[in-house]
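Coordinate inspection notes
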Amino acid sequence: MSVNVEIKSYPLFINGEWIASEANRTFDVVNPANGELVAKVASGTKKDVDRAVEAATAAFEQDEWREMAPKERSKILYAIAQKIMENAEELVGLEAISSGGTVRRLGSNDVLQMVDLFQTLGKFVIDYTYSETLPSPPFPGPAHNFIWREPIGVCAAITPWNMPMLIASWKIAPALAMGNTIVIKPASYTPLTTLRLAEIISEVVPPGVINVVTGSGKEVGEALATHPKVEKIAFTGSTEVGRHIMSLASNTIKNTTLELGGKSPSILLEDADLSLALPGSLFGVFLHSGQLCESGTRLFVPDKIYDHVIDGLKELSEKLVLGNPLDLATDMGPVISETQKESILSYIEKGKQEGARLVCGGQEVKVEGCEKGHFIAPTIFADVTNDMTIAREEIFGPVLSVIRYSEVEDAVRMANDTIYGLAAGVWTADVNKAYKVVRKLRAGVVWINDWHMLRNDAPFGGYKQSGIGREMGRHSLDAYTQVKHVHTSMVPEAERRTWYSLLFSNQS
Ligand code: NAD
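Residues numbered from 1 in each chain as written. Predicted model: local features only at pLDDT ≥ 70, side-chain atom pairs only at ≥ 80, totals over all residues. Heavy atoms only, no water.

Turning next to the pattern of salt bridges. One pass over the full model with this rule turns up 31 salt bridges. Note that arginine 474 and aspartate 127 form a salt bridge whose closest N and O atoms lie 3.3 Å from each other. Here arginine 474 is found in helix H16 (residues 473-479), whereas its partner aspartate 127 is found in helix H5 (residues 103-127), with 347 residues between them in sequence. Judged by relative accessible area, which is 37%, arginine 474 ranks as partly exposed. A single salt-bridge network, built from bridges that share partners, covers Asp303, Arg357, Asp383 and Arg404. (Salt bridge = Lys/Arg side-chain N within 4 Å of Asp/Glu carboxyl O. Helix = DSSP H or I, 4+ residues; strand = E, 2+ residues; numbered from the N terminus. Buried < 20%, exposed > 50% of the residue type's maximum accessible area, 1.4 Å probe, protein only.)

Below, the structure written as structure tokens:
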């Protein structure tokens, strides 16, 4: 694939229009595969956030949007899916040249997953339980009681650079499906597809329903997390920034969804089919050069087959092709930036210093035609112990730590010995053995003989410090609503209202 890079300047997208930032500052978006300038993007300010939140508030106050019938909303979600499909090639190209994701993955997975997400929620909004009638209560007295699900209001989304358009969709789709309005702040490495997505979506929703303010986390992100008119904040990113967002959001008691980091364990049992488990474990950790939150970065392998497994992993890893993400033959593209590359290399150094055995990779790679890119060879460490830094901290790069165990109980204990709980996996030929392990694993998604398989009708999110709340599936619709209890008394006579005596002692 080739992408025609005509260096464009992107303003902010507010109220259905492209609008210049009040400060007139920009930042550069650079292709991580070759260092070329891709775009100049407006660096928003607190005042720009105010403008976007005002637009989103005005759009939310319109009954036309908030009270729209589910059937009409469903049509809008299907129309968005259609528009994403029509613009798929452009979205994939923009995302590849800014995030370093391969067009093979983006074109055959991410963009289709987005289409399916809007269609899935388009189906769910039709039969969603917006109102529930409760049986007439014996206490305190006869009444009609309902529980209504209502939109929350203006939602803010702050997203990371690793899967920008997909993660933005995980927030936009349920927010719009439930009648909210949204302001999004994408990561500064990768704002282009979110901006384009907002433009596409605005063709079928009223102005102000979707807005994008680009800029720094410190300025734009914090302004959103503290804005009194933002009622929900949905954040995806590192656990460290997530903690900060949670504390900022506490001042105005915002409804908060956090999708954070991981250090996900993959447990290989002795009876596993290695022809599945070895490529599967590498698929689990090296896809998108290890820059996926639910990557299986710790692999637990039984003593008896440890050396055999290490040899097999090494052989397969060394066949992976690093290259330009636009080339269909590329297995692994670059990591996002020079800073990220340095951070990954310093973790690799730490792994060596702490006594892990480097099996393969461990160094930067120069790719022909992409000399200014940030490529790191797929790296495997053996003889890792669960207390080493490379087994405890999220590296967010192509680094696998292989940890030895003798009893399955020990593997499970070590697997759970982490602050994270995003994903986990078990490889075995015996599904009953798998379920026993799965029940003990403290993670939001557990795969048996597979990895990275997320579906749009199933919830995704973390246990422990990997997050709060769930995205995708029906759970994501709940996450963008609030609950109202409506009570209608069926006792028209004051004298029969025994509960009035709680105040009036002497009614006659
Ligand atoms: P990050 O936490 O550095 O940044 C995420 C977003 O937060 C960016 O838009 C950034 O500009 C913004 N931000 C930074 N500082 C801020 C502040 N003080 N106030 C408000 N906003 C601020 O994360 P990243 O490096 O972009 O992404 C990688 C991280 O994201 C990894 O930890 C990964 O595990 C996590 N992630 C989690 C999931 C999930 O679903 N759980 C999915 C993808 C990525």
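Counted by the stated rule, this structure contains 9 aromatic pairs. Between tyrosine 10 and tryptophan 18, the ring centres sit 6.2 Å apart and the planes meet at 65 degrees, which makes this aromatic pair edge-to-face. Given a relative accessible area of 10%, tyrosine 10 falls into the buried group. Taken together, the ring pairs in this structure connect Tyr10, Phe13 and Trp18 into an aromatic cluster. Lying over the aromatic face of tryptophan 65, arginine 73 brings its terminal NZ or CZ to 4.7 Å of the ring centre. Here the guanidinium or amino end of arginine 474 rests over the ring plane of phenylalanine 124, the centre of that ring lying 3.8 Å away. (Phe/Tyr/Trp six-rings, centres within 6.5 Å; stacked < 30°, edge-to-face > 60°. Lys NZ or Arg CZ within 6 Å of the ring centre and 35° of its normal.)

Splitting the chain by domain gives domain 1 (8-260 + 462-485) and domain 2 (265-448). Each of domain 1 and domain 2 has a C-alpha centre, and these two points are 31 Å apart. The partner of arginine 104 in a salt bridge is aspartate 331, with the nearest N and O atoms 3.1 Å apart. At the boundary of domain 1 and domain 2, one finds 16 residue pairs in polar contact (both at pLDDT 80 or more). (Domains from an automatic or database assignment. Polar contact = N/O pair within 3.5 Å; in protein donor to acceptor, adjacent residues only side chain to side chain.)

What follows concerns the sheet that holds strand E23 (residues 481-489). Taken in spatial order, the 3 strands line up as E6-E7-E23 in an open sheet, and their pairing is antiparallel. Where the open sheet ends on each side, the last strands, each with one partner, are strand E6 (131-134) and E23. Averaged over all pairs of adjacent strands, the angle between their axes in this sheet comes to 20 degrees, without regard to strand direction. (Pairing = 2+ DSSP bridges. Axes fitted to C-alpha atoms, helices over the stretch in contact; angles between N-to-C directions.)

A sheet is described by the order of its strands in space; here 3 strands give the open sequence E1-E5-E4, paired in mixed fashion. The open sheet has two free edges, formed respectively by strand E1 (8-10) and strand E4 (26-30), since each of these has just one partner strand. Strand-to-strand twist of the sheet, defined as the mean angle between neighbouring strand axes without regard to direction, takes the value 25 degrees. Against the sheet, helix H7 (residues 192-201) contacts E1, E4 and strand E5 (37-42), and its axis sits at roughly 60 degrees relative to E5. (Contact = heavy atoms within 4.5 Å.)

Sequence positions flagged by UniProt for "active site" (unreviewed entry) are, in local numbering, Glu259. By the secondary structure assignment, glutamate 259 is in strand E12 (residues 255-259). Among the residues examined, glutamate 259 registers a relative accessible area of 3% and is labelled buried. (UniProt positions renumbered as here; feature names shortened; annotations may be inferred.)

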